[in-house]
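Residue-level listing of the chains:
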Amino acid sequence: ADSAAESADSKAENKAENKKKRSICFSNKVSVLPIPLHSDYSRRLRTRLWSGRHEIKQNAARNTIEFAAEGWDWRTVTEDE
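Residues numbered from 1 in each chain as written. Predicted model: local features only at pLDDT ≥ 70, side-chain atom pairs only at ≥ 80, totals over all residues. Heavy atoms only, no water.

Overview of the overall build of the chain
Moving on, step 1. For the chain, the helix and strand inventory stands at 3 helices and 0 strands.
Moving on, step 2. Its helices and strands taken in sequence order, the chain reads α-α-α from the N to the C terminus.
Moving on, step 3. Taken across its 81 residues, the chain has 0% of its residues classed as buried.
Moving on, step 4. Carbon and sulfur atoms make up 54% of the accessible area of the chain, which amounts to about 8,500 Å² in all. (Helix = DSSP H or I, 4+ residues; strand = E, 2+ residues; numbered from the N terminus. Buried < 20%, exposed > 50% of the residue type's maximum accessible area, 1.4 Å probe, protein only. Areas by Shrake-Rupley, 256 points an atom, 1.4 Å probe, with all protein chains shown as cover.)

Quick notes on helix α3 (residues 53-69)
Moving on, step 1. Over its 17 residues, α3 extends 24 Å from the first C-alpha to the last, a length consistent with the 24 Å expected when each residue adds 1.5 Å.
Moving on, step 2. Note on α3: the residue one or two positions beyond its end, Gly71, has a positive phi of about 80°. (Expected span 1.5 Å × (residues − 1).)

Considerations on the confidence of the model for the chain
Moving on, step 1. Averaged over every residue, the pLDDT of the chain is 84; the share at 70 or more is 74%.
Moving on, step 2. Mean pLDDT values for the elements of the chain range from 64 in helix α1 (residues 2-21) up to 95 in α3. (pLDDT = per-residue confidence, 0-100.)

Structural notes on the packing of aromatic side chains
Moving on, step 1. Applying the stated criterion across every chain yields a total of 2 aromatic pairs.
Moving on, step 2. Taken together, a centroid distance of 5.4 Å and an interplanar angle of 70° make the contact between Tyr41 and Trp50 edge-to-face.
Moving on, step 3. Note on Phe67 and Trp72: the rings are 5.4 Å apart at their centroids and 80° apart in plane angle, and the pair reads as edge-to-face.
Moving on, step 4. Judged by relative accessible area, which is 54%, Trp72 ranks as exposed. (Phe/Tyr/Trp six-rings, centres within 6.5 Å; stacked < 30°, edge-to-face > 60°.)

Overview of the pattern of salt bridges
Moving on, step 1. Under the definition given, this model contains 2 salt bridges.
Moving on, step 2. A salt bridge links Glu66 to Arg62; the nearest nitrogen and oxygen atoms lie 3.6 Å apart. A residue pair is termed a helical-turn pair when its members lie 3 or 4 positions apart in one helix, as Glu66 and Arg62 do in helix α3 at 4 residues.
Moving on, step 3. By relative accessible area, which is 32% here, Glu66 ends up partly exposed.
Moving on, step 4. As a salt-bridge pair, Arg75 and Asp73 come within 3.0 Å of each other at their nearest N and O atoms.
Moving on, step 5. Residue Arg75 is classed as exposed on the basis of its relative accessible area of 60%.
Moving on, step 6. On the basis of relative accessibility, which here comes to 25%, the residue Asp73 falls in the partly exposed class. (Salt bridge = Lys/Arg side-chain N within 4 Å of Asp/Glu carboxyl O.)

Written out as structure tokens, the structure reads:
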């Protein structure tokens, strides 16, 4: 019984150590860049950067079929490469 308790304590300590190691930090140095409006781009660039309504509709239909094939469960969805 003692070894099981020691094992549980050891696992709890390892878990606590792993939580301490996992952290993020942000740099104080940043670059601020203006983001152009959609209307600031030429028609040619807008058609390359943003999808039109027909393309969005096609993508939604394809995604629905793929999601159905994967059992409607986001946990089992595979990433496309």
